[in-house]
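# Remarks on the overall topology
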Amino acid sequence: MSTPRRAFIMSSIEQYLALIINVTVVATMARLLTPDAVGHAVTGLGIGAIALSLREFVTPEFLIQKAEIDEKDLRTSFTTLFGITVLVTIGLMAVSGKIAAFYDSPELPFFLFLVMMSAFAEVISQPVIAVLRREMAFGTLANIRTVSLLVSALTTVILGMLDFGYVSYGWGMLASAITLAALTAFVTPHSLFSICRPSLASWKVVFTFGSFKGASQAVDRIYETVPQLILGKVMSMTSVGLYNRANTVCGIPDRIIMSAFYAMAFPTLAASVREGKNIKRAYLNTLSYLSVLYWPGVLMIAVTADPVVHLILGSQWEGAILLVRLMALAAVFWFAVIVTNPLLLALGHNRDAFLSSLFSRSVAAMALCSASMYSVVAMALSQFISLPAQMLIALYFAKKHLNFTVAELLAAVFPSMLVTLLTLVGPLALLVANGGNTEMSLLQFGLTLFCAALGWLLGLVTVKHPFLAEVQLVLHAIVAATVWLRRRFLTAGA
């Protein structure tokens with residue numbers, strides 16, 4: 001099995017486990033907390049995310065791109081990361097009282113304190129994680145991240161049951177960060193004592209890489225959080241909770257497919273560049289694979305929004321159903337966006353990676369912020385403007401460096417369009433047979449998913465999609481494992 005394929009599989013396994021854990025937490029906490037309480041948690045996490053985005057200016061990810069690394073690089077990464085975390089923490093704590101008064105949320109300062117303490121624990125784990133990603137040690141990463149996520153989930157849910165309210169999320173975040181720091185200290189191939197010694201020997205490399213990466217990340221965080229922060233002030237925290245949880249539900253295919261790709265994309269593409277491989281072909285193949293997985297996923301979320309919301313969030317979240325349906329439909333334009341940033345970073349075009357993020361996120365942020373002044377439904381509708389704009393900008397920058405034609409791009413994704421249409425035939429037929437009623441029993445929901453899966457497989461075979469080869473590899477592996485297990489049982493019985 002090739003290294004990129006193995007990396008994707010390991011990243012996917014991690015994401016699937018994380019998805020199961022996170023959905024369990026979301027489903028449980030949705031029944032323990034009101035949408036208003038969830039809105040307060042989202043606001044606190046958003047403020048923390050914006051503040052901590054400044055740390056991306058000294059991101060340890062420069063360790064992935066460098067041809068060779070040594071201990072001075074690791075020590076510099078730790079030192080700069082620790083220094084900026086101290087500054088961010090002091091600044092945020094100084095204004096936390098005013099932020100709490102602005103949002104009428106008295107528990108917010110303590111919540112932000114927990115977020116900042118989590119950031120200090122991450123100072124130890126982040127450089128080690130960058131090294132593990134560089135070495136394609138995704139199996140090790142999957143293990144330690146899953147354990148830390150389990151600790152976070154248990155902490156959050158238990159404290160939620162004990163009526164800690166939305167602060168449960170802060171304690172869960174801190175428990176996760178401490179666990180991850182301890183585990184990375186255990187698995188690191190380098191001396192932790194040496195890594196934690198102060199040094200600025202490689203500061204030029206850190207800031208050269210991080211200057212554009214940090215600016216890009218700051219723009220991303222503003223795009224993701226500021227519209228919700230405005231919504232929380234102009235409308236209500238309940239609106240924030242509904243929007244965030246709707247985003248979480250329609251983001252399930254993203255978590256299954258795109259997040260796994262993003263975790264290994266930059267290291268894999270960077271390795272391909274170092275080895276002189278055909279990056280254009282790799283990029284177009286990636287778009288082909290992602291689209292055939294992602295498009296059916298998000299469109300099925302749109303079709304089954306009603307039962308999915310009731311199953312995951314519960315009856316008190318019915319206001320999120322329309323939001324999920326709208327946001328899932330708009331998400332079909334997202335597939336190309338996530339590929340571009342890792343591509344540009346791998347090619348060493350950090351400036352263009354920043355500009356791509358700046359332009360696309362600025363357009364999207366303006367649309368979302370403007371919409372947040374009206375209603376949460378307007379925010380969902382604005383994604384039909386923001387996501388297509390981001391896709392076009394991403395494709396422009398990718399085309400600039402890879403010189404692919406529009407015909408080559410369409411040739412890569414057109415088979416995925418056909419597969420997606422065949423995936424939807426069965427579910428839409430069942431919907432028509434149900435009189436257009438989107439409410440489904442558990443049996444109807446299961447039948448809808450079965451028809452979608454069958455249509456997807458038939459689509460792969462019918463159009464001879466390139467991803468069919470990956471499915472065949474999985475089937476061969478399952479058959480081989482079944483034969484091996486049968487022999488083991490027969491031998492044991494003898």
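Please refer to the structure placed before this passage.
Here goes a summary of the coordinates provided. (Residues numbered from 1 in each chain as written. Predicted model: local features only at pLDDT ≥ 70, side-chain atom pairs only at ≥ 80, totals over all residues. Heavy atoms only, no water.)

## A look at the pattern of salt bridges
Evaluated as defined, the whole model comprises 3 salt bridges. Notably, a salt bridge pairs Arg-55 with Glu-122, separated by 2.6 Å at the nearest N-O pair. Residue Arg-55 is found in the loop between α2 (35-52) and α3 (62-65), and its partner Glu-122 is found in helix α5 (residues 108-134); the two are separated by 67 residues along the sequence. Owing to a relative accessible area of 6%, Arg-55 belongs among the buried residues under this scheme. A residue is classified by how much of its surface remains accessible, and Glu-122, at 23% relative accessible area, is partly exposed. Between Lys-280 and Glu-408 there is a salt bridge whose closest N-O contact spans 3.4 Å. Here Lys-280 is found in helix α12 (residues 279-303), whereas its partner Glu-408 is found in helix α18 (residues 406-433), with 128 residues between them in sequence. The exposure class of Glu-408 is partly exposed, given its relative accessible area of 27%. (Salt bridge = Lys/Arg side-chain N within 4 Å of Asp/Glu carboxyl O. Helix = DSSP H or I, 4+ residues; strand = E, 2+ residues; numbered from the N terminus. Buried < 20%, exposed > 50% of the residue type's maximum accessible area, 1.4 Å probe, protein only.)

## What to know about the packing of aromatic side chains
Considering all chains together, one arrives at 12 aromatic pairs under this definition. On the numbers, 5.0 Å between centres and 90 degrees between planes, the contact of Phe-102 with Tyr-103 is edge-to-face. Residue class for Phe-102 comes out partly exposed when judged on its relative accessible area of 44%. Taking the centre distance of 6.4 Å and the plane angle of 20 degrees together, the rings of Phe-110 and Phe-113 count as stacked. Taken together, the residues span about one helical turn, with Phe-110 and Phe-113 both in helix α5 at a distance of 3 residues. Residue classification places Phe-110 among the partly exposed residues on the basis of a relative accessible area of 39%. Judged by its relative accessible area of 35%, Phe-113 is partly exposed. Here a set of aromatic residues connected by ring pairs shows up, and it is made of Phe-78, Phe-82 and Phe-120. (Phe/Tyr/Trp six-rings, centres within 6.5 Å; stacked < 30°, edge-to-face > 60°.)

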